[in-house]
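The lines below spell out each chain.
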Amino acid sequence: MKRKEATSSLPDVGISQVLGLVSHLSSVGGKEDIYRLAGELSMELGETLKVIRAAETLKLVNTPGGEVEMEPFGAKVVDASIHERKELIFEQLQQIPLFKKIREFLDEEDGHEASKEMVLEKIADILPNEDAEHQFGAIVSWGRYAELFGYNDDSETFYLDQ
Amino acid sequence: MTPQPEIIIDVENVSKKFLLPQGEVTILEDIQLQAQEGEFIVIVGPSGAGKSTLLRMMNGLVIPSAGRILFRGKPTRGINMETAMVFQNFGLLPWLTVLQNVELGLENRVKELDRRRERAQKYIGKVGLDGYEEAYPRELSGGMKQRVGLARALAVEPTLLLMDEPFSSLDVLSSINLRNELLDIWSDRDNVVNTVVLVTHIIEEAVELADRIVILGSRPGRIAGNIRVNIPRPRQKRDPLFLEYVDEVFSLLA
Ligand SMILES: Nc1ncnc2c1ncn2[C@@H]1O[C@H](COP(=O)(O)OP(=O)(O)OP(=O)(O)O)[C@@H](O)[C@H]1O
Ligand SMILES: [Mg+2]
């Protein structure tokens with residue numbers, strides 16, 4: 001599984017799944033064949049790859065030839081407390097271009113907030129080949145987890161959580 | 001001399017019968033079970049063995065047909081306000097936000113709104129849900145929903161936390177993550193909750209979590225074994241000792 005760089009989208013998978021993947025990997029020695037991993041977890045290969053790709057985007061794991069391998073950052077996240085883990089992910093999200101761009105966009109807006117519609121347009125602009133709604137979902141859930149972004153679904157307002 | 005840990009809950013020779021169309025059926029027979037302060041007990045048994053019924057008797061929702069349940073040495077009567085329950089299907093109200101769902105469990109316990117909010121916030125933080133306060137359950141993954149369920153139960157600051165298959169509606173990776181976080185929270189000694197009784201039908205889950213595993217056979221549900229798990233944490237699933245315990249529980253269940 002080779003990918004060139006990280007300007008790409010973020011797979012819309014649960015944070016708990018990604019964290020579960022790194023814990024599992026750690027409990028089996030930090031390295032595993034991807035097919036074997038899917039097998040022992042009774043997961044579909046496609047789903048497994050999606051979670052691995054999300055973990056890879058966050059630099060928690062690496063995927064050299066058919067294997068998934070823990071990165072030092074992943075090991076740090078596994079060992080961290082619930083609270084520290086959120087801070088580590090917060091730092092990491094700041095390095096991901098999509099999050100960086102959304103953040104810069106909010107920085108310019110009044111009150112550091114924007115409507116969902118505006119954010120969707122911004123996403124479509126940054127990633128023209130991706131499903132913007134999907135990306136929005138991923139940004140909201142990772143953003144909330146890391147306390148980087150907030151979102152109010154009643155008013156459909158997206159904002160900088162600070 | 002170190003003092004003996006207090007016995008938090010003592011299930012003494014408890015049986016439960018239900019009246020079914022075909023007549024009276026004994027679901028649980030002569031159950032004896034104790035949880036000491038600080039203990040993590042896992043009850044494992046097949047579907048229909050009476051695990052949920054046993055937990056409901058521990059919190060006073062169901063009354064034993066015979067025997068009695070003592071809480072800190074005293075016979076219990078009615079709903080036990082010193083327990084809190086986490087459910088398989090989260091038990092969240094969809095029209096309330098995360099914060100409101102957590103506060104809901106406190107309505108009968110903390111009078112002032114400010115203190116209720118403060119308490120809810122504290123436990124939302126403990127389970128790692130800061131940032132989700134105004135989210136609705138529909139916006140959350142299963143793993144996040146169950147963190148809300150856990151925060152709501154912890155916010156009550158119960159002496160005894162009861163968990164009824166709390167991970168079984170989650171996907172496999174999320175359940176791995178939540179089991180780890182639950183152990184983190186439980187082993188944090190500042191925390192108010194340190195005594196847990198959790199029910200599962202998954203043997204590996206029992207061996208991973210428990211200080212002691214209580215095995216419930218079925219029809220009628222009787223205690224088929226009581227095993228202390230002497231493996232330091234964190235436990236590794238491929239450790240031969242881990243696998244020995246899995247085999248032992250399996251053979252007692254079969
Ligand atoms: N209120 C009730 N009235 C009649 N029968 C009941 C009642 N509650 C439970 N039962 C029966 O008692 C038995 C044990 O139920 P219980 O839900 O406690 O089992 P369980 O071990 O939790 O099962 P599962 O693994 O499926 O959750 C079942 O046969 C169930 O139908
Ligand atoms: Mg049950």
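Procedures and definitions
- Residues numbered from 1 in each chain as written.
- Chains lettered and ligands numbered in written order.
- Predicted model: local features only at pLDDT ≥ 70, side-chain atom pairs only at ≥ 80, totals over all residues.
- Heavy atoms only, no water.
- Near = heavy atom within 4 Å.
- Polar contact = N/O pair within 3.5 Å; in protein donor to acceptor, adjacent residues only side chain to side chain.
- Areas by Shrake-Rupley, 256 points an atom, 1.4 Å probe, with all protein chains shown as cover.
- Helix = DSSP H or I, 4+ residues; strand = E, 2+ residues; numbered from the N terminus.
- Nonpolar A, V, L, I, M, F, W, Y, C, P; charged D, E, K, R; others polar.
- Phe/Tyr/Trp six-rings, centres within 6.5 Å; stacked < 30°, edge-to-face > 60°.
- Buried < 20%, exposed > 50% of the residue type's maximum accessible area, 1.4 Å probe, protein only.
- Lys NZ or Arg CZ within 6 Å of the ring centre and 35° of its normal.
- Domains from an automatic or database assignment.
- Contact = heavy atoms within 4.5 Å.
- Buried area = accessible area lost by both parts, 1.4 Å probe.
- Salt bridge = Lys/Arg side-chain N within 4 Å of Asp/Glu carboxyl O.
- 1 Å grid on protein atoms, 1.4 Å probe; cavity = no way out; pocket = protein on both sides within 12 Å on 5 of 7 lines; lining within 4 Å.
- Points joined across faces, edges and corners; volume = space filled by probe spheres on them.
- pLDDT = per-residue confidence, 0-100.
- Core = buried A, V, L, I, M, F, W, Y, C linked by side-chain atoms within 4.5 Å.

A few words now on the site of ligand 1. Residues and elements named next belong to chain B. Taken together, the residues surrounding ligand 1 are F18, L20, I27, P46, S47, G48, A49, G50, K51, S52, T53 and E165. At 3.2 Å, a backbone N or O of A49 approaches an oxygen atom of ligand 1. Between an oxygen atom of ligand 1 and a side-chain N or O atom of E165, the distance comes to 3.3 Å. Within the complex, the protein chains bury 62% of what would otherwise be the 640 Å² of accessible surface of ligand 1. Of all the elements in the fold, those that place two or more residues in the shell around ligand 1 are β1 (7–20) and α1 (51–58). For the shell around ligand 1, the element with the highest residue contribution is α1, accounting for three residues. When the residues that make up the shell around ligand 1 are grouped by side-chain class, the tally is five nonpolar, five polar and two charged.

Residue and element names in this part refer to chain A. The final tally for this structure, using the stated rule, is six aromatic pairs over all chains. Pairing F149 with F158 gives two aromatic rings, centres 5.1 Å apart and planes at 45°, and the pair type is tilted. Ring geometry for Y151 against F158: centres 6.5 Å apart, planes inclined by 45°, an arrangement best described as tilted. We note that Y151, like F158, is buried. One aromatic cluster in this structure is built from F99, F136, F149, Y151 and F158. Between the NZ or CZ atom of K86 and the centre of the ring of Y145, over which it lies, the distance is 4.9 Å.

This part takes up the domain arrangement of chain A. All names here are of chain A. Domains assigned within chain A are domain 1 (15–79) and domain 2 (96–160). When each unit is reduced to the centre of its C-alpha atoms, the spacing between domain 1 and domain 2 is 26 Å. Across the contact, five residues belong to domain 1 and four residues belong to domain 2. With both chains or domains summed, domain 1 and domain 2 bury close to 460 Å², and 89% of this area falls on carbon and sulfur atoms. Among the residues of domain 1 in contact with domain 2, I15, T57 and L58 are the three that bury the most area, contributing 79% of the side total. Viewed at the interface, domain 2 and domain 1 are joined by zero salt bridges. Here domain 1 and domain 2 share zero residue pairs in polar contact (both at pLDDT 80 or more) between them. In terms of residue class, the side of domain 1 that touches domain 2 is made up of four nonpolar, one polar and no charged.

Attention now moves to the side chain of T159 of chain B. All names here are of chain B. In this fold, T159 is placed in the loop between α4 (142–155) and β7 (160–164). Its relative accessible area of 15% is what places T159 among the buried residues. Of the polar contacts made by the side chain of T159, one reaches the side chain of E82; its length is 2.6 Å. Not counting chain neighbours up to four residues away, the residues in contact with T159 comprise I8, F71, R72, E82 and T195.

Bringing the layout of surface pockets into the picture now. Looking at the largest pocket, its volume works out to about 510 Å³. As for the largest pocket, its lining consists of 22 residues, of which V78 of chain A together with N180, D184, P234 and R235 of chain B are closest to the centre. If one sorts the elements of the lining of the largest pocket by residue count, helix α5 (residues 172–187) of chain B sits on top with six residues. In the lining of the largest pocket, the residues fall into eight nonpolar, seven polar and seven charged.

A word on the confidence of the model for chain B. Looking at chain B, pLDDT values average 94 and 98% of them are 70 or higher. Among the scores for the predicted complex, ipTM is 0.92 and pTM is 0.94.

Counting 109 residues, the largest nonpolar core has W142 and F158 of chain A together with V207 of chain B as the members making the most contacts within it. In this structure F158 of chain A touches I102, L106, H112, E113, A114, V119, F136, I139, V140, F149, G150 and Y151 of chain A, once residues within four positions along its chain are discounted. In terms of nonpolar packing, the next biggest core, distinct from the first, is built from 26 residues, I43, L55, M85 and V197 of chain B among them.

Applying the stated rule across the entire model yields 28 salt bridges over all chains. The closest approach of N and O atoms between E39 of chain B and R228 of chain B, which form a salt bridge, is 3.2 Å. Here E39 of chain B, found in the loop between β2 (23–36) and β3 (40–44), pairs with R228 of chain B, found in strand β10 (residues 222–228); they are 189 residues apart in sequence, far enough to count as distant. Connected via shared salt-bridge partners are E32, R36 and E40 of chain A together with R238 of chain B.

It is worth spelling out the interface of chain A and chain B at this point. The interface of chain A with chain B comprises 31 residues on the first partner and 30 residues on the second. Of all residues in chain A, S16, I82 and R144 of chain A give up the largest surface area on contact with chain B, accounting jointly for 28% of the area buried on that side. Run the count over chain A and chain B and you get five salt bridges. Where R138 of chain B meets D153 of chain A, a salt bridge forms, and the shortest distance between an N and an O atom there is 2.7 Å.

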